[in-house]
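# Results of the structural survey
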Amino acid sequence: MTLEDLIDQKGQRIAISAWRRISDADVDQFSELTQDFQFAHHDRERDPADTPYGMRIIHGFFLLSLIAGHFKDHVPQILSHRGVINYGLEKVRFIHPVRAGSDLRSEIVLQDVQIKPENRALLHLDFTLEIKDVSKPALRAVWLAMLVPS
């Protein structure tokens with residue numbers, strides 16, 4: 001796809017990922033990696049009623065980190081650009097708690113493309129992380145991704 005083709009898609013959904021199940025083991029690995037052992041995420045033995053959600057939930061930052069892989073796997077490559085740099089996030093909202101074992105997918109809408117000096121392009125991508133069979137999304141965020149020219 002060319003950059004011009006991408007620009008023509010402003011305001012449209014440009015990708016939707018496949019469903020991905022997040023297992024207890026995935027949550028445990030994230031806890032180990034980040035050293036975040038807060039009981040609402042980590043402690044299977046503690047009474048779920050002790051949490052504000054009544055269940056063991058997936059870390060919000062774990063959910064947020066999924067968008068990078070969903071972008072890589074589902075957004076078309078721009079022919080004139082060799083890579084993408086994570087430029088930042090805006091408007092991150094954790095909307096609904098997610099229990100381990102849930103199936104998740106991302107819907108990606110291209111909000112805007114800003115052409116920058118040296119033929120770089122800053123994408124504003126609206127990510128909605130959906131939970132299968134739940135009416136509210138897990139999160140919404142605008143990811144700023146900088147396309148680097150070849």
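Data block above holds the structure.
Summary of the structure given here.

Cut-off values and rules
- Residues numbered from 1 in each chain as written.
- Predicted model: local features only at pLDDT ≥ 70, side-chain atom pairs only at ≥ 80, totals over all residues.
- Heavy atoms only, no water.
- Salt bridge = Lys/Arg side-chain N within 4 Å of Asp/Glu carboxyl O.
- Helix = DSSP H or I, 4+ residues; strand = E, 2+ residues; numbered from the N terminus.
- Buried < 20%, exposed > 50% of the residue type's maximum accessible area, 1.4 Å probe, protein only.
- Core = buried A, V, L, I, M, F, W, Y, C linked by side-chain atoms within 4.5 Å.
- Phe/Tyr/Trp six-rings, centres within 6.5 Å; stacked < 30°, edge-to-face > 60°.

## What about the pattern of salt bridges?
Going through the model one piece at a time under the given rule, you end up with five salt bridges. R13 is the partner of E107 in a salt bridge, and the nearest nitrogen-oxygen pair spans 3.5 Å. Of this pair, E107 sits in strand β4 (residues 103-116) while R13 is found in strand β1 (residues 13-16), placing the two residues 94 residues apart along the sequence. Note on R13: relative accessible area 48%, which makes it partly exposed. D126 serves as the salt-bridge partner of R140, at 2.4 Å between the closest nitrogen and oxygen. Here R140 is found in strand β6 (residues 139-149), whereas its partner D126 is found in strand β5 (residues 120-131), with 14 residues between them in sequence.

## Regarding the nonpolar core
One finds L6, L63, L104, L123 and L125 to be the most contacted residues of the largest nonpolar core, which totals 33 residues. At the level of elements, α1 (3-7), β1, α2 (24-34), α4 (60-74), β4, β5 and β6 are the ones that each hand at least two residues to this core.

## Digging into unusual backbone geometry
At E118, a position not held by glycine, the phi torsion is positive, near 65°. Tracing the chain through its elements places E118 in the loop between β4 and β5. Its identity is not glycine, yet N119 carries a phi of approximately 60°, on the positive side. Overall, the relative accessible area of 41% leaves N119 in the partly exposed class.

## Section: the environment of M1
As for its position among the elements, M1 is in the segment before α1. Taking the C-alpha atoms as reference points, M1 and I78, separated by 77 residues in sequence, lie 5.1 Å from one another.

## Observations concerning the packing of aromatic side chains
Overall, the coordinates contain two aromatic pairs when judged by the stated rule. Between F61 and F94 the ring centres are 6.3 Å apart and the planes differ by 85°, which places this aromatic pair in the edge-to-face class. Of this pair, F61 sits in helix α4 while F94 is found in strand β3 (residues 81-94), placing the two residues 33 residues apart along the sequence.

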